[in-house]
Amino acid sequence: MATLHERQNYRMTIMRALYNAMEGNRPGMTGAKLRDDLGMPEQDLAAACAYLAGEGLVLVDWTTRNTPATVTLTHQGIRLMESEEEDRD
């Protein structure tokens, strides 16, 4: 199981990947692409997506194996990422 720091890092990494995909006119990503691109264990990806969905930051379509089929930023998630981008500028 991931440590608290790893879980926080996984969540932010997912948010950044989705935000970057959105800028490329891709509304979301498959769970498999996120897992492969980010090199994240499937169990940790599922836990991070469940957390982010619970916070209202992403929408997740789940497979029958309880893993993310697709993950998409919500309006609230986009606003959070835009706010972070503004803070960096």
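Residues numbered from 1 in each chain as written. Predicted model: local features only at pLDDT ≥ 70, side-chain atom pairs only at ≥ 80, totals over all residues. Heavy atoms only, no water.

Visitor: Hey, could you go over a negative patch on the surface for me, with residue numbers and the actual values?
Guide: A cluster of like negative charges, contributed by Glu23, Glu82, Glu86 and Asp87, occupies part of the molecular surface. Considering each element in turn, the negative patch owes the most residues, three residues, to helix H4 (residues 75-88). Positionally, Glu86 belongs in helix H4. (Patch = residues over 30% accessible without salt bridge, like charges linked within 9 Å, V, L, I, M, F, W, Y side chains within 5 Å. Areas by Shrake-Rupley, 256 points an atom, 1.4 Å probe, with all protein chains shown as cover. Salt bridge = Lys/Arg side-chain N within 4 Å of Asp/Glu carboxyl O. Lys, Arg positive; Asp, Glu negative; His and termini not counted. Charge placed at Lys NZ, Arg CZ, Asp CG, Glu CD. Helix = DSSP H or I, 4+ residues; strand = E, 2+ residues; numbered from the N terminus.)

Visitor: Residues and numbers for unusual backbone geometry, please.
Guide: In this structure, Asn66 takes a positive phi of about 65° despite not being glycine. Tracing the backbone shows Asn66 in the loop between strand E2 (58-62) and strand E3 (68-73). Among the residues examined, Asn66 registers a relative accessible area of 56% and is labelled exposed. (Buried < 20%, exposed > 50% of the residue type's maximum accessible area, 1.4 Å probe, protein only.)

Visitor: Which residues make up the pairing of E2, and what values do they have?
Guide: Strand direction decides the pairing type here: E2 and E3, joined by five bridges, are antiparallel. Note that in E3 the partner of Val58 across the bridge is Leu73. Hairpin connection between E2 and E3: a loop of five residues separates the two successive antiparallel strands, and Asn66 in this loop has a positive phi of roughly 65°. (Pairing = 2+ DSSP bridges.)

Visitor: I'd like a description of the pattern of salt bridges, backed by residues and values.
Guide: Considering all chains together, one arrives at four salt bridges under this definition. For Lys33, the salt bridge is made with Asp37, and the minimal N-O distance between the two is 2.8 Å. A residue pair is termed a helical-turn pair when its members lie 3 or 4 positions apart in one helix, as Lys33 and Asp37 do in helix H2 (residues 31-38) at four residues. For Asp37, a relative accessible area of 47% translates into the label partly exposed. Between Arg65 and Glu42 there is a salt bridge, with the nearest N and O atoms lying 3.4 Å from each other. Of this pair, Arg65 sits in the loop between E2 and E3 while Glu42 sits in helix H3 (residues 42-54); the two residues are 23 residues apart in sequence, bridging distant segments of the chain. With a relative accessible area of 29%, Glu42 lands in the partly exposed category. When salt bridges with common partners are traced through the structure, they connect Arg35, Asp36, Glu42 and Arg65 into a single cluster.

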